[in-house]
Amino acid sequence: MTWGPDVANWSIVIGNRIRKRRKDLGLSLEELSMLSGSTVPTLSIIERGKRDVKLSTLIALAAALRIELPILFAGEDGSEKNAVPSSTSEGYDLGDD
């Protein structure tokens, strides 16, 4: 996957990562709701990739799930480096090199 305007695809990827981490921690949607301040219906929609999520919500979810925010945006292999391509069609270099 490459970084780009495909918001729907990124919403699904991020939602899946949130669900996986929640389950890895043994948390129910209700428990994550209490920890993050989001409602259960909202969390369900986020986990299914059906909603654009505000940055503040992602920050709260990452904190509740005890992960760093960039983990939600990591590349397919889990590395942060793959989250952003080395260049875009406009020629910008977005890497940390």
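Before reading further, recall that the structure is shown in the block above.
Remember, predicted model here, so these are calculated numbers, not experimental data.

Participant: Explanation requested: the overall build of the protein in the structure shown.
Facilitator: For the protein, the count of helices and strands is four helices and zero strands. Overall, the protein shows an N-to-C arrangement of helices and strands of α-α-α-α. Within the span of the protein, comprising 97 residues, buried residues form 29% of the whole. Summarising the internal contacts of the protein: among those between residues at least 6 apart in sequence, 50% fall at separations of at least 24. Only carbon and sulfur atoms are counted for the fraction: they give 54% of the accessible area of the protein, which is about 6300 Å².

Participant: It is not clear to me how the nonpolar core should be interpreted in this structure. Could you clarify?
Facilitator: For soluble globular proteins, nonpolar side chains are generally found buried alongside one another. Counting residues in hydrophobic clusters, the biggest one holds 15 residues, and the most contacted among them are Ile14, Ile18, Leu32, Leu61, Leu65 and Leu72. Those elements giving two or more residues to this core turn out to be α1 (7-24), α2 (29-36), α3 (40-47) and α4 (55-64). The greatest single-element share of this core, amounting to four residues, is contributed by α4. Other than its neighbours up to four places away in sequence, Ile18 contacts Leu32, Ile46, Glu47, Leu58, Leu61, Leu65 and Leu72.

How each quantity is defined
Residues numbered from 1 in each chain as written. Predicted model: local features only at pLDDT ≥ 70, side-chain atom pairs only at ≥ 80, totals over all residues. Heavy atoms only, no water. Helix = DSSP H or I, 4+ residues; strand = E, 2+ residues; numbered from the N terminus. Buried < 20%, exposed > 50% of the residue type's maximum accessible area, 1.4 Å probe, protein only. Contact = heavy atoms within 4.5 Å. Areas by Shrake-Rupley, 256 points an atom, 1.4 Å probe, with all protein chains shown as cover. Core = buried A, V, L, I, M, F, W, Y, C linked by side-chain atoms within 4.5 Å.

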